[in-house]
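# A structural walkthrough
If you want the building blocks of each chain, they are given just below.
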Amino acid sequence: MGNIKLIIMDMDGTLLNSEKIVDSYTKNLLEKLCADGYRLGIASGRPITGLKKTVHALGIEDIVSFMTGSNGAELYDARDGQEKCFYQLEPAVIDEITTLYKPFGLNPYVYQGEDCYAYRSDSTIERAARNNHLGIVLCNLKEEIKTPQSKLVLSTPPEKMKQVESFYEEHKSDKYRAFKSQADMFEFVHPELSKVYGIKYYCGKYGYDISEAAAFGDTTNDIEMLKECGTGVCMCNGTEDAKQAADIVTKYSNDESGLARELEDMLS
């Protein structure tokens, strides 16, 4: 574990506890690690616009070196203030996906600018907008969305998630890839993307090797970074597929400062 130089953390279910905050135990440790020279990064499914606002509200913006958002499609480098977008979904692909999944009666939405754009509001979208400090615009996505987007999310009732995942496996396309990001969110991104894409870009920019990164996550959209970073750590409150992909499963949950406690053991 002595070669770890970067610590990359998913937000929901990992860095944040159930109250959507960073507990003082974890925050104090991260501040110490930053002072000791470790680079701290956030890798989230949240859009960069909302992610930056959230990191500021949490009071950790001074210790976060970079953020990769929308599951690898966006990157913000706090050192030089640069933002980059990578592979995105074309409007025609978004329309193709929404048409294909229409029989499930789900609620598709995208993040654009300072808002969530959706056909209708529901508790999932309201939570996503609130957590990302964004507004909600109700509209016909096909008529309103005319530019490439970092991702498309299907607001999916948890009781339908297994059925939607199975349908995806039976109807895969080379135009996109998809995965569960939360119990009620099924997301589509460009086929070249995963959270590890933004991490690799940052590593290349500053001369790090991906083997020097330790990644913490808790669910399906974290699998690639758990596998490809030098050390992959899944929270004990995480999903089984993420646990299988990880090198380590934490002893404590995100409500028990699990990330910080595992870091202390790893770096001692």
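See the structure above.
Quick summary incoming for the structure in this document. (Residues numbered from 1 in each chain as written. Predicted model: local features only at pLDDT ≥ 70, side-chain atom pairs only at ≥ 80, totals over all residues. Heavy atoms only, no water.)

### Overview of the overall build of the chain
Tallying secondary structure elements over the chain gives 10 helices and 14 strands in all. Compactness check: the chain gives a C-alpha radius of gyration of 18 Å against a globular reference of 18 Å for 268 residues, within 12% of the reference. Expressed along its principal axes, the backbone C-alpha trace of the chain runs to roughly 55 × 35 × 35 Å. Scored against the burial criterion, the 268 residues of the chain give a buried share of 55%. Taking the intrachain contacts of the chain between residues at least 6 apart in sequence as the baseline, contacts between residues at least 24 apart amount to 59%. Summed over all atoms, the accessible surface of the chain reaches about 11,500 Å², with 46% contributed by carbon and sulfur. Distance between charge centroids for the chain: 1 Å, based on 30 positive and 43 negative side chains. (Helix = DSSP H or I, 4+ residues; strand = E, 2+ residues; numbered from the N terminus. Rg over C-alpha atoms; globule rule 2.2 N^0.38 Å. Buried < 20%, exposed > 50% of the residue type's maximum accessible area, 1.4 Å probe, protein only. Contact = heavy atoms within 4.5 Å. Areas by Shrake-Rupley, 256 points an atom, 1.4 Å probe, with all protein chains shown as cover. Lys, Arg positive; Asp, Glu negative; His and termini not counted. Charge placed at Lys NZ, Arg CZ, Asp CG, Glu CD.)

### Thoughts on the sheet that holds strand S5 (residues 82-85)
The 8 strands lie next to each other as S5-S4-S3-S2-S1-S12-S13-S14, forming an open sheet whose pairing is mixed. Two strands bound the open sheet, and with one partner strand each, they are S5 and strand S14 (248-249). With 4 bridges connecting them, strand S1 (residues 6-9) and strand S12 (residues 213-217) associate as parallel partners. Along S12, the bridge assignment pairs isoleucine 8 with alanine 215. (Pairing = 2+ DSSP bridges.)

### Examining helix H1 (residues 24-35)
Taking 1.5 Å of rise per residue, the 12 residues of H1 would be expected to cover 16 Å, and the 16 Å separating its terminal C-alpha atoms lies within 8% of that figure. Thr26, Leu29, Leu30 and Leu33 are the residues of H1 that are buried. Take H1 and look down its axis: the buried residues cluster within an arc of 100°, on one side only. H1 presents Ser24, Lys32 and Ala35 as exposed residues on the side facing more than 90 degrees away from its buried surface. Packing partners of the buried residues in H1 comprise S1, strand S2 (39-43) and helix H10 (258-267). Glycine 37 lies just past H1 and shows a positive phi near 105°. (Expected span 1.5 Å × (residues − 1). Arc of directions from axis to C-beta.)

### Focus: the pairing of strand S13 (residues 231-234)
Residues of S13 alternate between two faces, with Thr231 and Val233 on one and Gly232 and Cys234 on the opposite face, all of them buried. Relative to S13, S12 is paired through 4 bridges, and the arrangement is parallel. When the sheet's bridge partners are listed, glycine 217 is paired in S13 with cysteine 234. Bridge analysis of S13 against S14 gives 2 bridges, and the strand direction is parallel.

### Description of the packing of aromatic side chains
What the rule picks out here adds up to 14 aromatic pairs. An angle of 70° between the planes, with centres 5.6 Å apart, marks the rings of tyrosine 87 and tyrosine 197 as edge-to-face. Here the residue tyrosine 87 occupies a position in the loop between S5 and helix H3 (91-100), and tyrosine 197 occupies one in helix H7 (residues 195-206), the gap between them amounting to 110 residues. Residue classification places tyrosine 197 among the partly exposed residues on the basis of a relative accessible area of 29%. An aromatic cluster of three or more residues is present, and its members are Tyr101, Phe104, Phe167, Tyr168, Tyr176, Phe186 and Phe188. Its end group placed over the ring of tyrosine 206, arginine 39 keeps NZ or CZ at 5.0 Å from the ring centre. One residue, arginine 261, lies across the ring of tyrosine 252, its end atom 5.1 Å from the ring centre. (Phe/Tyr/Trp six-rings, centres within 6.5 Å; stacked < 30°, edge-to-face > 60°. Lys NZ or Arg CZ within 6 Å of the ring centre and 35° of its normal.)

### Section: the pattern of salt bridges
Applying the stated criterion across every chain yields a total of 19 salt bridges. Note that glutamate 114 is salt-bridged to lysine 53, the shortest N-O span being 2.4 Å. Note that glutamate 114 is positioned in the loop between strand S6 (107-112) and strand S7 (115-118) and lysine 53 in helix H2 (residues 48-58), a separation of 61 residues in sequence. By relative accessible area, which is 30% here, lysine 53 ends up partly exposed. (Salt bridge = Lys/Arg side-chain N within 4 Å of Asp/Glu carboxyl O.)

Everything listed here is a matter of coordinates, which is why it stays silent on function.
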